[in-house]
Structure formats: structure tokens, C-alpha cells
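# Descriptive structure summary
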Amino acid sequence: MRDPARILVVDDVADNVEILRMRLSALGYEVIVAEDGEQALAKVAAELPDLVLLDIMMPKIDGLEVVRRMKADAGLPFIPVILVTAKASPKDVVAGLDAGGDDYLTKPIDHGALVARVRAMLRIKALQDQVRELNQGLEAKVQAQVGELERVGRLKRFLAPQLAEAIISAGDEKILDNHRREVAAFFCDLRGFTSFSETAEPEDIMALLAEYHGAVGPLIRKYEGTLDRFTGDGMLVFFNDPLPCPDPAERAARLALEMRTAVEKLIPVWARRGHTLGFGIGMAQGYATLGRIGFEDRFDYTAIGAVINLAARLCADARDGQILTTGRPWRSKARSRWKTSANAPCAA
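What comes next concerns the included structure. Numbers given for residues are sequential positions, taken from 1 along each chain in its written order. Local features are withheld for residues below a pLDDT of 70 in this predicted model, meaning they are given only at 70 or higher, and side-chain atom pairs are given and counted only at 80 or more; totals for whole chains, interfaces and linings count all residues. To obtain the side-chain values, all non-hydrogen atoms of the structure were included, while hydrogens and water were left out.

Here the focus is the side chain of Asp129. Strands here mean DSSP runs of E at least two residues long; helices mean DSSP runs of H or I at least four residues long; both are numbered from the N terminus. Relative to the helices and strands, Asp129 resides in helix 5 (residues 111-156). Between N or O atoms, a polar contact is any pair within 3.5 Å; within protein, one atom must be a potential hydrogen donor and the other a potential acceptor, and residues adjacent in sequence are included only when both atoms are from side chains. A polar contact of 2.9 Å, which involves the side chain of Asp129, links it to the backbone nitrogen of Met1.

In this section: the environment of Leu266. Assignment of secondary structure puts Leu266 in helix 9 (residues 248-272). Relative accessible area decides the class of each residue, using a 1.4 Å probe on protein chains only: under 20% of the type maximum gives buried, over 50% gives exposed, and in between gives partly exposed. Classification of Leu266 as buried rests on a relative accessible area of 16%. Remark: the alpha-carbon pair of Leu266 and Tyr212, spanning 54 residues in sequence, is separated by 7.6 Å. Note on contacts: a residue pair qualifies if any of its non-hydrogen atoms lie within 4.5 Å across the two residues. In this view, Leu266 contacts Glu211, Tyr212 and Ala215; residues no more than four positions away in its chain are not counted.

Another aspect to go through is the environment of Val44. Counting through the fold element by element, Val44 comes out in helix 2 (residues 37-47). Put simply, Val44 and Ala34 are 10 residues apart on the chain and 9.7 Å apart in space, counted from C-alpha to C-alpha. When residues no more than four places from it in sequence are discounted, the contact partners of Val44 are Leu8, Pro49, Val52, Met70, Leu76 and Ile79.

Bringing the packing of helix 3 (residues 63-72) against helix 4 (residues 90-99) into the picture now. Helix 4 packs onto helix 3 with a crossing angle of 25° between their chain directions and a minimal axis gap of 8 Å. As judged from the angle between their axes, helix 3 and helix 4 are roughly parallel. Contacts from Leu64, Val67 and Arg68 in helix 3 reach Ala95, Gly96 and Ala99 in helix 4. Under this grouping Gly is polar, as are all residues other than the nonpolar Ala, Val, Leu, Ile, Met, Phe, Trp, Tyr, Cys and Pro and the charged Asp, Glu, Lys and Arg. Across the contact of helix 3 with helix 4, the residue classes break down as four nonpolar, one polar and one charged. Between the N-to-C directions of two axes lies an angle of 0 to 180 degrees, each axis being a line fitted to C-alpha atoms and, for a helix, fitted only over the stretch in contact. Here is the rule for angles: anything less than 35 degrees is roughly parallel, anything more than 145 is roughly antiparallel, 65 through 115 is roughly perpendicular, and the remaining ranges are oblique.

Any two of the Phe, Tyr and Trp rings considered here, Trp counted by its six-membered ring, make a pair once their centres fall within 6.5 Å; the pair's planes then place it as stacked at under 30 degrees, edge-to-face at over 60, or tilted in between. Counted by the stated rule, this structure contains three aromatic pairs. Here the aromatic rings of Phe193 and Phe196 are separated by 5.8 Å at their centres, their planes lie at 50°, and the arrangement is tilted. Note that Phe193 and Phe196 are positioned in helix 7 (residues 193-199) at a spacing of three residues, about one turn of the helix. Phe193 sits in the buried class, given a relative accessible area of 8%. Pairing Phe238 with Tyr301 gives two aromatic rings, centres 6.5 Å apart and planes at 40°, and the pair type is tilted. Within this pair, whereas Phe238 is found in strand 8 (residues 234-239), its partner Tyr301 is found in strand 10 (residues 298-304), the two being separated by 63 residues in sequence. An identical accessibility class is assigned to Phe238 and Tyr301; each is buried.

What follows is the structure, encoded as C-alpha cells:
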């Protein structure tokens, strides 16, 4: 609301307008005037007054129709209307309030009543404006939070939640732009899954995948790996991107050992159902091209390059329970972790 408040006085009798203008101006208010209903609607739209004092009996458009149109206009903010008229019967008062009037003042106008009604309506106007501002601020916050949740949701498709939230809190997704970086690539899948998926019932296939993903997915989050994609039973995970980490090969090795242990617990369960499956892992370290690929409404973050292909080939060559890796990760700090497993041979 303005300070001083802007009040629109609407009356087709010039003397009435002048009396109200003088009284309100003396109280420090800004006063604008209109001579009929058409002018009143035009002034309301153009000036957005803080309060309207509106006569009912006017040519062209009467006061009741003016207030109806005002209250029906969703584009207008809340503007209180005091109906000022010589029609003083209870029936007329009810008709005025039903039309949308916020208060009713009869002529001849008592000065004290005028001042009290104007101040009361302006207090209501000020409160309504405060509520509107608070709502607008709340809407903006909600929209910002929804946008943030959507961005976090997109990032969580391939990042551990803590990494996704770190990127969002930093307020900069440029880290996902196209670039090259050294990564530790990790590829795993189930031995015998193709033949199983060709003969098993769809419900059995999806149930098994749900158990498998439920067992290994939390481990990927635990070691903050970037999940590139699912390919049925296969998964590509890489480390050191989009956020760098000091020990990508060691994280990959730890993930490999824990993931193999988790799947080894499932294999006997699957065997009792008649499903003969195994599990293998391939890992490599080297430079890859990374960034977002896709089209409108469907983008993924991925890694491309020889190191990814090598990890996939090593995984394909791994026998059940084997973890095959190139020499580079084997010579890293992760080597001490690998000595605990005889079934984790190194590929040259």
C-alpha cells in the first residue's frame, strides 16, 4: 500500500466529490476522482487505488455493477470498496454487501464515521498487501526449492546423493560440462544372465534384477561412484568424476570386493530357484571424455573412451567370482586390499 494512501472517489454529483476530496486531502490522503461507473473502472485499472469510495446511483454503470466487475477481475489486487449512498434501507445495505462492497456508508456523510471507516479499510488493505507479499515470497521459495529438488533428482540418477547435493549447494553445474579427465572405470555383470533372461518368466527376471540392484546399488553410493547406466544386469561405474577424489582406484577396488561378496550371498538363493548365475567385474584406469549427452527432456551424464571399452572387455572375460583389472590400478594403493582375495587376478 502507498504512503500516503491513494483513494478513488466516485460520484456523479460534483459537490459530493468535492466534499469527500477536501475531507480526505485534509487527512493527508492522495485523492483521485471519477464521475461515473465507466470512469471508475478505468481509473481502478490504471491507478490501482488503495481504497474506493463508490456511489451506487450513477449513470452508465451503477455502483453495484462497478463493484461486481472489480471483485470479479482476477488481475486486480485486493482493493476495498466503501459504498457511499443515500439508499439506507436494510435491503439496500444487504444488496451492496452481496455485490462485493466491503463497507457501507450512508449520506449525508458523518465526518467521524467517514474517518473511522476509511482508516479501518486501509488497515485491512495493508494487511492484505502484507499477506500477498508473504505469499509471493513463499511461492518464489517453493519454486526455487522445487527447481533444486528437480536438479538434485536429475543428478541422483548417476551420482551418490551426497555428491549431487554438493554440486547443487555450490550452485554451479558447469562441472558437468564436456571435459576430459582420468577416471577409474568399473564394469560388472552377471554370468549366464542372457540365457536366463531368454527362458525365465518376466516376473522372475525383474524380481532377480531387483534383488541384485538392491544389493549392489547402496555400495555404489557408499563409495561415491558415478553410476553411468544400467544395461540389464550390467553396470558401468566410474570414479574421479564429476567431482575429483584422491583415491579412485582404491575406491573401485573396495567396491569390487564388497560388491562381489554381496552377490555371492545371492547366488545360492538364485540357485535354489533353479537359476545358475555368476558374477564378474572388470576395471581399468585412464583418460575418458565426460559430459552430458542426449536430447531435449532426456539427458544422461556419461564417460566415453578406450578406458571404458577396456573395462567392459575385462568384465566380459572375467569368470564367475573374478575381478580383472589393468596393471595400473593393481599397482595403486588398492593393491593391499586385493591381496585378501585369491580370485582377483590382474590382467596385464
